[in-house]
Amino acid sequence: MEPLSWGAILVEILIRFTPVWIGMAAIFALSLTFKRRLGLYGKLFDSTIGMIGFAIVLFWVLTALFSNMIITHDPLVQVSGMKNKLPGTPVPEGTEGLGYYLLGGDNLARDVFSRMVAGSTIVMQIAPVATLFAFMVGITLGLPAAYYGGALDTFLSFLANLILAFPVILLFYLLVTPEIVATGLPTYMAAVLFLFPILFLVVLWNSRFFTQAGKRAAYISVTLVLGLWVYLGVAWNADPLGIISVPPNILIVFVSVVFVNAPTVFRIVRGIALDIKTRDYVAAAQTRGEGPWYTMLWEILPNARGPLIVDFCLRIGYTTILLGTLGFFGLGLAPESPDWGSTINDGRKLLSIYPHPALAPALALMSLVLGLNLLADGLREESLKD
Amino acid sequence: MGLFILRRIVIMILTALCLTFIVFVLTNLQPNLEKLAKTQGNVRMTDEQVATWLEMNGYTDPMLSRYGQWLGLLPGWTREDAEGNVTGRCISRDVPADVAPERCGVLQGDWGWSTVLRDEVSAIIGTRLGLTGILMFWVMLLMVPMALIMGVLAGMREGSRLDRSLSTVSIASTATPEYVSGVILIAVFASSAVGLKWFKGTATSAMDGITFENFTLPVVTIALYGMGYIARMTRASMTEVMTAQYIRTARLKGVSFPNIVLKHALRNALIAPFTVIMLQIPWLLNGVVIVETLFNYKGFGWTLVQAASNNDIELLLGCSVVAVVVVLVTQLISDVGYIFLNPRIRIS
Amino acid sequence: MTKWDYDGPILEIDKLSISFFTRLREIPAVMDFSVTVQPGEAMGLVGESGCGKSTVALGVMQDLGVNGRIVGGSIKFKGRDLGEMSAEELRHIRGSEIAMIYQEPMASLNPAMKIGKQLMEVPMIHEGISAKDAWDRALEVVTDVRLPDPKRMLNSYPHQLSGGQQQRIVIAMALMSKPSLLILDEPTTALDVTVEAAVVELVKELGKKYGTSMLFISHNLGLILETCDRLCVMYSGEAVERGSIEDVFDEMQHPYTQALFRSIPLPGADKNARPLVAIPGNFPLPHERPPGCNFGPRCDYFEAGRCDAGDIQMFPVPGNDRHATRCLKFQEIDWNAPMARAVSAEAAEIGRTVLKVDKLKKYYEVAANALFSGHRKVVKANEELSFEAREGETLAIVGESGCGKSTFAKVLMGLETATGGTITLDNSSIEQIPIEKRDTGTVSSVQMVFQNPFDTLNPSMTVGRQIIRALEIFRFGNSEAERRARMLELLDLVKLPRAFAERMPRQLSGGQKQRVGIARAFAGGARIVVADEPVSALDVSVQAAVTDLLMEIQREEKTTLLFISHDLSIVRYLSDRVLVMYLGHVVEMGTTDQVFSPPYHPYTEALLSAVPIADTSVAKKHIVLDGDIPSAMNPPPGCPFQTRCRWKSEVPGNLCETEVPPIRDLGDGHQVKCHLADDLLARMEPVITLAAE
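Nothing here was measured: the structure is a model prediction, and the numbers come from that model.

A. Region of the structure containing the overall build of chain C. Along chain C, the regular secondary structure elements total 21 helices and 26 strands. Against the globule reference of 26 Å for 693 residues, chain C gives a C-alpha radius of gyration of 27 Å, in line with a compact fold. A burial count over chain C gives 57% of its 693 residues as buried. Considering only contacts within chain C whose residues lie at least 6 apart along the sequence, 67% involve residues at least 24 apart. Accessible surface, chain C: about 27,300 Å² in total, of which carbon and sulfur atoms supply 50%.

Put into structure tokens, the structure is as follows:
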């Protein structure tokens, strides 16, 4: 068979992404129709920048969701004779999947296109959840630091600055090593970090419903049962039902990313809370005898949501970069894993001769982060216009 | 003011102690030490032999005591084996037991021995840091003025076309980490596949002599990522200042636009970015590690990676100390500089 | 370009219309606005927030930003159309011919530039004089604005000066090139009353000295009366009435002007016998203006089919000098008819004592320097506060910034604990019990109404939910339904439609938010309500309505109201007893009549004189205090007021500087903290006298 021309490659790739196009069209159509009723999300569609950002992010989210339908070959399978082949090279007869390597083969003769698509799934599995956990930790510690001030604030700020003073790569090299995993340290860190979301929710419900015993018991028990179940599975790999489990090397990546992000979130939350604390409605809550946690979680936190949502988007992008960095240095994730960082690392050795295996994941990562940054920018602009 | 700096320095030393202790603990975990024993002694050592080796080399002391020794606050360990040979932390072939100092640690200038690069850690870090210093110098020279100009131009007239395009450029630049921009730049400017071949894809030769050809890509790669962030901060600060009342006052007393920007806005607008630039240095450290690995430029970052991936404990400790000190000193400078730049705090 | 001579009016604005353009629509901010300012004349521009008065000023300056544009009419300055000038010509006029003074003195000075440099810049740009000459000029003008130690001032940064001094610098900067027209945009709003009085005095004097015409923008009719020759009343983007001060104040010809005057507390108003008349309804949003007369929907004289038929022109009022009104019916309305009495009410019965404060002290320990903490300093925020408050009584606490009135509120609410003394609520002392340790009954019976309407409600919770939350926390009712029913009742109580329960706070106007705040405070059946400047951030026409609502609920619920305010007019109107505070001390206390008539404490006397009163029939003695209020961090020794007291020389020896005066009872519970001898106190004359009617 003849190799595909660049135009044909492009057409073929566009066709492969069909499920994504359909999904994007549906979501955009719905959102544009109802944008006046959708609050801040709806207003995003007033800003061109925000809409472009949202489109890019949505593209990768859907790609991650439908990756099994999009990939042309198994991202881990090596096809002999396809090593470092250029984009559009036909595969030997009898190989499963499409007749071509759309974006060529890498130095182990795997399909670059499929690896790039599969890589998005790994990013989408880790980055948003890790960022969410970092936010839970940062919020649970940042609010009391700002609210109480004094020694607690000094201590927590010192801790946060301590972690922030570590160069990230050094921290990764220290945390994400087989030796550390052998000591069990990541598990203990996970055990501590993952307690925060449960703690957060319990305090949230308790402060809100402590005047109504029935509601309080209901909310808190549901949270505890669900939370502890997930907690056992994720942090201790001891899910009694055996449904939830996280491989240890993913867990350590997850924990270190949360660990690196949480202090920054802490500082942001603390800063905003210090400002909101001086508002009259906080004083009003205090003068009617509300507890400190109600004031923090129901009076201060909801009004900090604007800047926090914006930072959340930015931070997912940053987490993606961190995951790439980990992959780039071959830390944590399995060597053959198709995540973008590892793929770039694999491809960089022959970069001057065969740039395509490294370029595809590099561009993918860049576009996702760019999309998230544009989205954050659009959200910031629109939330300020209120 | 003096009191303030003193307090900050005390906090800084405290932080440095905490951080180095953490690094010390993390690098001296049992698995690391066992691995070290096997690389230094014999790969096929039995567990018992490993234990003896560790015992003989002072690795069985309590963690805190070993940290004290490494720091040079506590006297170094000494052991006498069955034959009456005295070994010790401060004793080596060149320094026999009778003349060996009591303490030898970081404070005495003895940073230890690199097992991988086979040299004094202090010597390695000295040369490597010099190489990285050159790289950083060019990066700063390119990045800071560019970023400030971009930020000021964009923030000067918020919402203008210039602002829109410069902002998009800076967003794109913050979205491109070094390992991505490096790959793209090499692919475009250095790979034989495209054929531009303007620059070299490695910077190994730059260690002997810097040329435009071998040094441009690494410098640009690091500068690109940091530039966008500083530019955005500058822009934000500039737009805020440009909407301030006193700028309207200046405009309505007849000051021309260039003079408003230069005389009234700039000084106020650059206070915030100064802090950002200083705090950016720790981030540049990341970039340095990535770029030096990518371009094979054997500077500080490359050394750190080598030390970390080869279990070279003392070299890694040395690198960490330098990294932490760099971060803390820049934080100190940023705090002091902020006060100095801001008359509202300076004179009160 | 040099200044040119012109004989005609300094400023002629003719049928000016200004609009702001957003993505969605054009928002007209000023419509069909005309005004003329003659040389040496001071023109007042008065109206509520959002009426477009500041936009007019910016229009004159041709500085409307990217979204604003002049869409009709012309602005002529000394005969030349500003709209047709090039950017370069405009730049030469700004600062040298037309200068502007703004509301926030701190914000309008460059924080990173020394004051001297900011002043010298003006003549150096416009007249091209040398730095040395400019320095001399700056020194001269700074001396003119009566700042102490002018050389040191010129070498300081703005933050080293107090608010009053900063405003003087801004005035000096405006006068540096001896402009022909000075625009003052609410120049004293951010200042304390006694400081404001001094600044106003200065502006008037310098205006005469330099022969400058002035355009004085303010929401305060009293201030306009004191400073201006003529005024123009604006409402919702239009001038509604224009004329000389005497004509407009005494022979007003527009229903809005009339309603405005009836809604502000003038001497003689009384909460029971002669209550204020609030203007019904709300200020229309710029894109929701009614057809025809903008004031129509809120006007008592509205005639459907006529007032809302089409645009209304300005009509000259015959017989008066350049007096015009934008009312179709001005010749039909009987302007002298007595106002339709708002329902006058029985005075509430004052019952037993509920709250007793005895020798209350609150000291703070603060770092002497915010950044370089080292030695600490004690700030005496409250010094020996003693008073009683009875059921159904309104007790006003009056004072300027730093007097300790808000600290007292915090201690009473339990947000802080007292350093000494006692607060007794129904026989139990609460001064040492912080809010979290107080029982629900105590908490719900002492509640607070806050100052800033835009800050008082949680922006991300519906109005109804916020009131229900207060009910929940006060353990009211057993079910959600019961609480919901009570919440709707509370909305009725504050005269808000029940539909508001589902609204978010941002959908409410300032006055409506303040009503919700009041409903929330009364949710648990509060018996003592502390109102911390509850109406000072509201527009004049809304103030009256909210004040009256508060009075009405108080009468019904027999609440004790502690009304904290700096505004003596409103205090005189609604309070039964008054407490005057200065730097943490209570300097005078007594019934409203006792405090507002001689003998006064010298501070009360100055405060009374400083409050601008919008009534031409009131004669006021002019007492201008020197300097600013000392910082509470660094109070003067002896009597706290001695640094500014005009009676100090009457006290023998240096008693005032060394000893804090004792509290003296002048009879009937009228207490004064002053060293002045009895005969001197007895000789004091009233500050305010009403001309015989």
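Let's pick the thread back up.
B. Representation of the overall build of chain A in the model. Broken down by element type, chain A carries 18 helices and two strands. For chain A, the C-alpha radius of gyration of 24 Å lies close to 21 Å, the compact-globule estimate for 386 residues. For chain A, restricting intrachain contacts to residue pairs at least 6 apart in sequence, the fraction spanning at least 24 positions comes to 71%. Here chain A displays about 15,500 Å² of accessible surface, and carbon together with sulfur accounts for 70% of that area. Within chain A, the 23 negative side-chain charges are centred at a point lying 8 Å from the centre of the 23 positive side-chain charges.

C. Representation of helix α14 (residues 280-287) of chain A within the structure. Burial within α14 of chain A is extensive, with seven of its eight residues counted as buried. Trailing α14 of chain A by a residue or two, G289 of chain A shows a phi angle of about 85 degrees, which is positive.

D. Quick peek at the sheet that holds strand β21 (residues 577-582) of chain C. Residues and elements named next belong to chain C. Pairing is mixed in the open sheet, where eight strands are placed in the order β18-β19-β20-β15-β21-β22-β25-β24. At either end of the open sheet lies a strand with only one pairing partner, and these are β18 (446-449) and β24 (663-665). Geometrically, the sheet is characterised by an average inter-axis angle of 20 degrees between neighbouring strands, direction not taken into account. Sheet topology note: the β18/strand β19 (residues 528-532) ladder contains four bridges and is parallel. Of the residues in β19, the one forming a bridge with V446 is I528.

E. Examining the pattern of salt bridges more closely. Residue and element names in this part refer to chain C. Taken as a whole, this structure holds 54 salt bridges over all chains when the rule is applied. K361 is the partner of E384 in a salt bridge, and the nearest nitrogen-oxygen pair spans 4.0 Å. Of the two residues, E384 sits in strand β14 (residues 376-390) while K361 sits in strand β13 (residues 353-367), which places them 23 residues apart along the sequence. Assessed through its relative accessible area of 30%, E384 is described here as partly exposed. Between E393 and R390 there is a salt bridge, with its nearest N and O atoms 3.6 Å apart. For R390, a relative accessible area of 29% puts it in the partly exposed group.

F. Quick peek at the nonpolar core. Residues F113, L143, F194 and F329 of chain A are the most contacted members of the largest nonpolar core, which totals 199 residues. Looking at this core, the element that brings in the most residues is helix α6 (residues 112-148) of chain A, giving 18 residues. Apart from the residues lying within four places of it in its own chain, the contact partners of F113 of chain A are I13, R16, F17, I70, T72, L102 and L103 of chain A. Counting 147 residues, the second largest nonpolar core, distinct from the first, contains L161, V200, L221 and V240 of chain C.

G. Structural context of the UniProt feature "domain: ABC transmembrane type-1" (unreviewed entry) in chain A. When the UniProt feature table is mapped onto this chain numbering, "domain: ABC transmembrane type-1" (unreviewed entry) sits at residues 120-376 of chain A. Across residues 120-376 of chain A one finds 80% helix and 0% strand; the C-alpha atoms that close the span lie 20 Å apart.

H. Structural view of the side chain of Q165 of chain C. Assignment of secondary structure puts Q165 of chain C in helix α6 (residues 163-175). With residues near it in sequence (within four places) discarded, Q165 of chain C still touches L147, P148, M153 and D628 of chain C.

I. Spotlight on the packing of aromatic side chains. Counting across every chain of the model gives 42 aromatic pairs over all chains. Aromatic pair F328 of chain A and F329 of chain A: ring centres 5.3 Å apart, planes at 85 degrees, arrangement edge-to-face. We classify F328 of chain A as buried; its relative accessible area is 1%. Classification of F329 of chain A by relative accessible area gives buried; the value is 12%. For the ring pair F387 of chain C and F408 of chain C, a centre distance of 5.5 Å and an interplane angle of 70 degrees mean the geometry is edge-to-face. With F387 of chain C in strand β14 and F408 of chain C in helix α11 (residues 405-413), this residue pair connects regions lying 21 residues apart in the sequence.

J. Just the domain arrangement of chain A, in detail. All names here are of chain A. Along its sequence, chain A is organised into domain 1 (6-119 + 343-385) and domain 2 (121-316). Spacing between the C-alpha centres of domain 1 and domain 2 amounts to 31 Å. Each partner contributes residues to the interface: domain 1 has 14 residues there, and domain 2 has nine residues. With both sides pooled, the region where domain 1 packs onto domain 2 buries about 1,100 Å², and carbon together with sulfur makes up 73% of that total. The largest contributions to the domain 1 side of the interface with domain 2 come from A64, G119 and L372, which together make up 35% of the buried area.

K. Quick look at helix α6 (residues 161-174) of chain B. Under the 1.5 Å per step criterion, the end-to-end length of α6 of chain B is 20 Å for 14 residues, consistent within 8% with the ideal 20 Å. Those residues of α6 of chain B not exposed but buried are D163, L166, S167, S170, I171, S173 and T174 of chain B. Take α6 of chain B and look down its axis: the buried residues cluster within an arc of 160 degrees, on one side only. Looking at the buried positions of α6 of chain B, the neighbouring elements they touch are α16 (305-328) and α18 (356-384) of chain A together with α5 (121-156) and α8 (212-242) of chain B.

L. Local environment of the interface of chain A and chain C. Chain A puts 26 residues into the contact, and the matching count from chain C is 28 residues. Each partner contributes to the roughly 2,200 Å² buried at the junction of chain A and chain C, and carbon and sulfur atoms together form 49% of this total. When the buried area of chain A at its contact with chain C is split by residue, D280, T287 and R288 of chain A rank highest and sum to 32% of it. Linking E472 of chain C and R208 of chain A is a salt bridge whose minimum nitrogen-to-oxygen distance equals 3.2 Å. Here chain A and chain C share 13 residue pairs in polar contact (both at pLDDT 80 or more) between them. Examining the composition of the side of chain A that touches chain C, we find that six residues originate from one element, α14 of chain A, more than from any other.

M. Region of interest: the sheet that holds strand β3 (residues 42-46) of chain C. All names here are of chain C. Within the open sheet, the eight strands sit side by side as β6-β7-β8-β3-β9-β10-β12-β11. Their pairing is mixed. The outermost strands of the open sheet, each flanked by one partner alone, are β6 (98-101) and β11 (315-316). Its contacts with the sheet put helix α1 (residues 53-60) on β3, β6, β7 (181-185), β8 (213-218) and β9 (230-235), and the angle it makes with β7 is roughly 150 degrees. Packing of α6 onto the sheet brings it into contact with β6 and β7, and relative to β6 it is tilted by some 175 degrees.

N. Representation of the state of the cysteines within the structure. All names here are of chain C. According to the stated counting rule, one finds zero disulfides over all chains in the structure shown. Unpaired in terms of disulfides, C51 finds its nearest cysteine sulfur in C232, a separation of 9.1 Å. Its relative accessible area of 0% is what places C51 among the buried residues. Here C656 stays unpaired: no disulfide links it, and the sulfur of C639, its closest cysteine neighbor, is 6.0 Å away.

Conventions and cut-offs
Residues numbered from 1 in each chain as written. Chains lettered and ligands numbered in written order. Predicted model: local features only at pLDDT ≥ 70, side-chain atom pairs only at ≥ 80, totals over all residues. Heavy atoms only, no water. Helix = DSSP H or I, 4+ residues; strand = E, 2+ residues; numbered from the N terminus. Rg over C-alpha atoms; globule rule 2.2 N^0.38 Å. Buried < 20%, exposed > 50% of the residue type's maximum accessible area, 1.4 Å probe, protein only. Contact = heavy atoms within 4.5 Å. Areas by Shrake-Rupley, 256 points an atom, 1.4 Å probe, with all protein chains shown as cover. Lys, Arg positive; Asp, Glu negative; His and termini not counted. Charge placed at Lys NZ, Arg CZ, Asp CG, Glu CD. Pairing = 2+ DSSP bridges. Axes fitted to C-alpha atoms, helices over the stretch in contact; angles between N-to-C directions. Salt bridge = Lys/Arg side-chain N within 4 Å of Asp/Glu carboxyl O. Core = buried A, V, L, I, M, F, W, Y, C linked by side-chain atoms within 4.5 Å. UniProt positions renumbered as here; feature names shortened; annotations may be inferred. Phe/Tyr/Trp six-rings, centres within 6.5 Å; stacked < 30°, edge-to-face > 60°. Domains from an automatic or database assignment. Buried area = accessible area lost by both parts, 1.4 Å probe. Expected span 1.5 Å × (residues − 1). Arc of directions from axis to C-beta. Polar contact = N/O pair within 3.5 Å; in protein donor to acceptor, adjacent residues only side chain to side chain. Disulfide = S-S within 2.5 Å.

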